[in-house]
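Structural characterization, general
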Amino acid sequence: MECAGEGSGRSRCVGPPTRRCGRCGAVAYCSATHQVSHWSVHKEECERLEQQMKWADVLNDFPFEFSREATVQVCEKQVTRCSFLANRGIHQAGMWMYECCCGASVHSLDNSRLIESWNLSSLLCPCKAPPSPVPSHLRSWKEYYEWRCIPLYSPVAVLLHWPLTLYHAIQLAAARNLIPESSNELYIHYLGPDKELSQLAVFGELIALLPGVQVLLEFVGPAIPQHRDGERIELYSYARCVETDCICKSSTENLSLNASGKSSVVRLRLHSGYYHDRYRDIAKDSLPHLVIAPNAGVAAFTSWLPAIELIKAISVPAFFSDYCEEACHLAACCMSTITSRPPTIPIQLNPFRQPMAVGDSALFLPCYSNCFLFGM
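Residues numbered from 1 in each chain as written. Predicted model: local features only at pLDDT ≥ 70, side-chain atom pairs only at ≥ 80, totals over all residues. Heavy atoms only, no water.

**Comments concerning helix 1 (residues 32–42)**
Along helix 1, the positions that sit buried rather than exposed are His34, Gln35, His38 and His42. Across the axial projection of helix 1, the buried residues extend over an arc of 95°, all falling on one side. Away from the buried face of helix 1 by more than 90 degrees, exposed residues Thr33 and Val36 are located. On the buried face of helix 1, the contacting elements are strand 1 (19–20), strand 2 (28–29) and helix 2 (46–53). (Buried < 20%, exposed > 50% of the residue type's maximum accessible area, 1.4 Å probe, protein only. Helix = DSSP H or I, 4+ residues; strand = E, 2+ residues; numbered from the N terminus. Arc of directions from axis to C-beta. Contact = heavy atoms within 4.5 Å.)

**Section: the domain arrangement of the protein**
For the protein, the domain assignment lists domain 1 (1–58) and domain 2 (113–375). On a C-alpha basis, the centres of domain 1 and domain 2 stand 34 Å from each other. With 14 residues of domain 1 at the contact, the number on the domain 2 side is 13 residues. Across the domain 1 to domain 2 interface the summed buried area is about 1200 Å²; carbon plus sulfur atoms make up 63%. At the boundary of domain 1 with domain 2, the tally comes to one salt bridge. A salt bridge links Glu326 to Arg48; the nearest nitrogen and oxygen atoms lie 2.7 Å apart. Counting across the domain 1 and domain 2 interface gives five residue pairs in polar contact (both at pLDDT 80 or more). Mapped by element, the contributors of at least two residues to the side of domain 1 that touches domain 2 are helix 2 and helix 3 (56–59). Broken down by element, the residue count for the side of domain 1 that touches domain 2 peaks at four residues, all from helix 2. (Domains from an automatic or database assignment. Buried area = accessible area lost by both parts, 1.4 Å probe. Salt bridge = Lys/Arg side-chain N within 4 Å of Asp/Glu carboxyl O. Polar contact = N/O pair within 3.5 Å; in protein donor to acceptor, adjacent residues only side chain to side chain.)

**Focus: the packing of helix 11 (residues 304–314) against helix 12 (residues 325–339)**
The geometry of helix 11 relative to helix 12 is characterised by a closest axis approach of 10 Å and an angle of 55° between their N-to-C directions. Between helix 11 and helix 12, the interaxial angle falls into the category oblique. For the element pair helix 11 and helix 12, the recorded crossing hand is right-handed. The segment helix 11 lies against helix 12, with Leu305, Ile308, Glu309 and Lys312 engaging Met335, Ile338 and Thr339. The residue inventory of the contact of helix 11 with helix 12, partitioned by class, reads four nonpolar, one polar and two charged. (Axes fitted to C-alpha atoms, helices over the stretch in contact; angles between N-to-C directions. Parallel < 35°, antiparallel > 145°, perpendicular 65-115°, else oblique. Left-handed = near helix turned anticlockwise from the far one by under 90°. Nonpolar A, V, L, I, M, F, W, Y, C, P; charged D, E, K, R; others polar.)

Structure, rendered in structure tokens:
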């Protein structure tokens, strides 16, 4: 947490930001001097942040047995993300490596090898096909866990928020007839991936969530190393458990078939660079039905402006998510200046947000990966 008034006055910060705004409680200052000098800026957002702070209990509301540990206690620094993972034996393990500050930077490692294991027992992870078809529309983590027969003390939602957020965006788009409700193929341009690059196997869950659909995910972003540009990955099955005798280790038993008897597959392709620079080459083979940009930070990076202009020009439904409502609000304002209209799908809480709080954020607002989303 930094002083909200840092840089707004002539003096440097005199200490940690312990003086919170008495109205919104969302920002803090190192001194009364910085609070006064920042008021001309903060007064434009104070009432809005005050309303957002009232969401705190709702944002922290998850059905899991570990919910308080992963939310309130992480926010209050009673628990760290490291200790949460360590208590479950998955700290710095495989796909979990980048879920805490101990994990090395995604950019610093050669993560071209697909990590396929949950590092969990079969009881705790969706390593094989579900016992029943997916319900018409999953609306919560509780519904998903019940369908997949996973106990509510399993931490897999910490990684599954990536494919489940994508699934939720697809359902929202289909409900508004922005994409066909039923189709054998679905081409999705996925913008700005980062830690997902070490967790790609979790997208195999789309085989269960979108049965009978051949999904092509085009991952595009500057975090993708140049040596991985053009890499293709095919997921025919789910990420696996650690048990050597589990059925998930059998390639034939773990193969999902669609209604026509053909094997379902999720195809991934990686493209290094910015979307507006790479779109023409990608679109030769893959015109998108949908664009999604998780945790985009649109208001923080000017590189999004040409990408938004491009999305407007090709007239494809696009979804953006971020860590808190304020980030989505600022993003929507930036985009409205380009599109000359408000979001097609208004800012809303994502029921499949990651159920572990971000410990260090710029605001006292509870922050979660893929917390809120909206569509244009």
